[in-house]
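Inside the fold
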Amino acid sequence: MFNFFKKWKGDPQPFDIEELSNEEIKKGEIPKHIAIIMDGNGRWAKKRALPRIAGHHEGMKVVRKITKQANLLGVEVLTLYAFSTENWKRPKTEVDYLMKLPEEFLTTYLPELIKENVQVRIMGDKQRLPKHTLNAVEKAINDTKKNTGLILNFALNYGSRAEILTAVQHIATDIKTGQLNDSDLTEDVFSSYLMTNSIQDPDLLIRTSGEIRLSNFMLWQLAYTEFWFTDILWPDFNEQSLLQAIYTYQQRGRRFGGI
Ligand code: FPP
C-alpha cells in the first residue's frame, strides 16, 4: 500500500546495457519535433578550468552533431534554445561571444547544412540582436529556404512570456480593428499568433545538465510534450544521448488527456 509513496526512479534506462542504433530507434515512432534546452556549457568548462566561452564553443560543435543525427533519424523540426531574453544579464564578454556563435556556426557549417537539405530558421525578438548576428542568420535562412529536410529552428533572444504577450497584443488589435471576431478565438487561432505558427508543437523536450525547469521556453507549445531531463552537460551530449531520449519517448504512452 505504500508503493504509492515510493520515489519515482525515472524512466527505464536500458542504455547501460547496450548501445542503441539508428536502425533500432527508427523502428519506433520518431518525434516529429524535438526541442532542446542546451544547458551546462559553463559547468563543463569550469570542470576543465577553462573559461565559460570554451564551453559554449564546444556546445556549438554539439549543435552540428545533433542536427546531423536528427536529420538522419527523420526528425522534422529541431528547436534549440540558443539565447534567452534573460541571457542579456550575463557579463558583456560572454554575451558578445554568444552573439558571435551563430555567425561562426553558420560560416563554418552552412555549406554542409545546404548539402544535407536542412532549413535554418529563428524565433525570438530580432530587434535586439547585433547586426552581424542577424545578417549571418538571415543569410542562412535565405540560402536554405528552399530546403525540404530538417527545420533547424534557433530560439535566439527568445522568451515565451514575451511571445505570448505579443500575441495577446496583436489579437487585441485585430479584434479592435475587426480583423478578428472574439468568438473565433480558438486555441488554433491563438497558436497562429505565436512565433511557431508554421511548425507543430514539440513532441519531445530535452534539457541537459540536471536542471529541471522550463526557463521561459515554449510555455504554450509544451502543453502536451514529453520531457526528458538528463544530467549530461550539453558539450558532452552526443548521438547516443539523443537516441536514449528518443528511446525513452517511445516507451511512454501519450494520451493527450484521454485514457
Ligand atoms: C546554457 O549553458 C547555454 C547557453 C545560454 C547558450 C547555449 C548555446 C550553445 C550551446 C551554442 C549555440 C550554438 C549556436 C550555433 C547558436 P550555461 O552557460 O548556462 O551553463 P551553466 O549553467 O553550466 O553555467
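Residues numbered from 1 in each chain as written. Predicted model: local features only at pLDDT ≥ 70, side-chain atom pairs only at ≥ 80, totals over all residues. Heavy atoms only, no water.

Moving on, we come to the overall build of the protein. Helices and strands together make up the secondary structure of the protein, namely eight helices and six strands. Ordering the α and β elements of the protein from the N terminus gives α-β-α-α-β-α-β-α-β-α-α-β-β-α. Here the protein has a C-alpha radius of gyration of 19 Å; the compact-globule value for 259 residues is 18 Å, and the two agree. In terms of its C-alpha atoms, the protein occupies a principal-axis envelope of roughly 60 × 50 × 35 Å. In the protein, which comprises 259 residues, the share counted as buried stands at 46%. Taking contacts inside the protein between residues at least 6 apart in sequence as the whole, the part at least 24 apart equals 78%. Total accessible area on the protein is roughly 14400 Å²; 53% of this is exposed by carbon and sulfur atoms. Distance between charge centres in the protein, computed from 34 positive and 33 negative side chains, equals 5 Å. (Helix = DSSP H or I, 4+ residues; strand = E, 2+ residues; numbered from the N terminus. Rg over C-alpha atoms; globule rule 2.2 N^0.38 Å. Buried < 20%, exposed > 50% of the residue type's maximum accessible area, 1.4 Å probe, protein only. Contact = heavy atoms within 4.5 Å. Areas by Shrake-Rupley, 256 points an atom, 1.4 Å probe, with all protein chains shown as cover. Lys, Arg positive; Asp, Glu negative; His and termini not counted. Charge placed at Lys NZ, Arg CZ, Asp CG, Glu CD.)

Looking now at the side chain of Glu226. Tracing the sequence through the fold places Glu226 in strand S6 (residues 226–229). Judged by relative accessible area, Glu226 falls into the buried class, the value being 14%. Reaching out from Glu226, the side chain makes a polar contact with the side chain of Arg252 at a distance of 2.8 Å. Glu226 has contacts with Asp203, Leu204, Leu205, Tyr249, Arg252 and Arg254, leaving out every residue within four places of it along the chain. (Polar contact = N/O pair within 3.5 Å; in protein donor to acceptor, adjacent residues only side chain to side chain.)

It is worth spelling out unusual backbone geometry at this point. For Asn157, which is not glycine, the phi torsion reads 55 degrees and is therefore positive. Among the structural elements, Asn157 can be located in strand S4 (residues 151–158). Positive phi values are uncommon outside glycine, yet Ser215 reaches one of about 50 degrees. Positionally, Ser215 belongs in the loop between strand S5 (204–207) and S6.

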